[in-house]
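So the chains spell out like this:
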Amino acid sequence: MAGLQAGAPTPQSITVHGQSRVLEVGFSDGATFRIPFELMRIYSPSAEVQGHGPGQEILQTGKREVELVDLKPVGNYAVQPVFSDGHDTGIFSWDLLYELGAKEAELWAEYERRLAAAGVDRDAPMLDKGGGAACGSH
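On a predicted model such as this, the values are computed, not experimentally measured, just so you know.

This next bit is on the sheet that holds strand β1 (residues 11–17). The three strands lie next to each other as β1-β2-β3, forming an open sheet whose pairing is antiparallel. Strand pairing shows two members of the sheet lacking a second neighbour, β1 and β3 (32–36), which therefore form its edges. Strand-to-strand, the axes of this sheet are offset by a mean angle of 15 degrees, without reference to chain direction. Inspection of the sheet shows β1 paired to strand β2 (residues 22–27) by six bridges, in the antiparallel sense. Paired with Pro11 across the strands is Phe27, a residue of β2.

If you want it as structure tokens, here you go:
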């Protein structure tokens, strides 16, 4: 989900809207997305969130109020956000940002399904308070 594909749309503008908690990204194909910080945080491509393979994902909760405190460029292919909860290990390629924007409704529905299956609320605090540190196996 996070690789940069040849010929894929690239960002022409990136704007952090702190008050509304969205990252607005305008792409070369004319698409513009307003990606909620919470969506970015719960779908972070980091090992802390995704685990080290299929089925190892860590369900993120309590991220509704998360803020984006910094956004660092990574080469010419990605950005690395720093979130207010300390999470800073996810690298968001242009492809991933495009996918988050284009599939926002589907991703929210999947998140709600996962919450229901786990019997937890979106605003429940995380059980494991790992914060922004890398996963424990590194």
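So, on to unusual backbone geometry. Positive phi values are uncommon outside glycine, yet Arg21 reaches one of about 55 degrees. Along the chain, Arg21 falls in the loop between β1 and β2. A relative accessible area of 24% places Arg21 in the partly exposed class.

Below, the discussion takes up the pairing of strand β5 (residues 78–83). Burial of β5 is extensive: five of the six residues sit out of reach of the surface. Where strand β4 (residues 68–74) lies against β5, six bridges are found, and the strand directions are antiparallel. Bridged to Leu71 within β5 is Pro81. Examined bridge by bridge, β5 and strand β6 (residues 92–93) share two bridges and lie antiparallel to one another. In the strand pairing of β6, Val79 is matched with Phe92.

Rules used throughout
Residues numbered from 1 in each chain as written. Predicted model: local features only at pLDDT ≥ 70, side-chain atom pairs only at ≥ 80, totals over all residues. Heavy atoms only, no water. Pairing = 2+ DSSP bridges. Helix = DSSP H or I, 4+ residues; strand = E, 2+ residues; numbered from the N terminus. Axes fitted to C-alpha atoms, helices over the stretch in contact; angles between N-to-C directions. Buried < 20%, exposed > 50% of the residue type's maximum accessible area, 1.4 Å probe, protein only.

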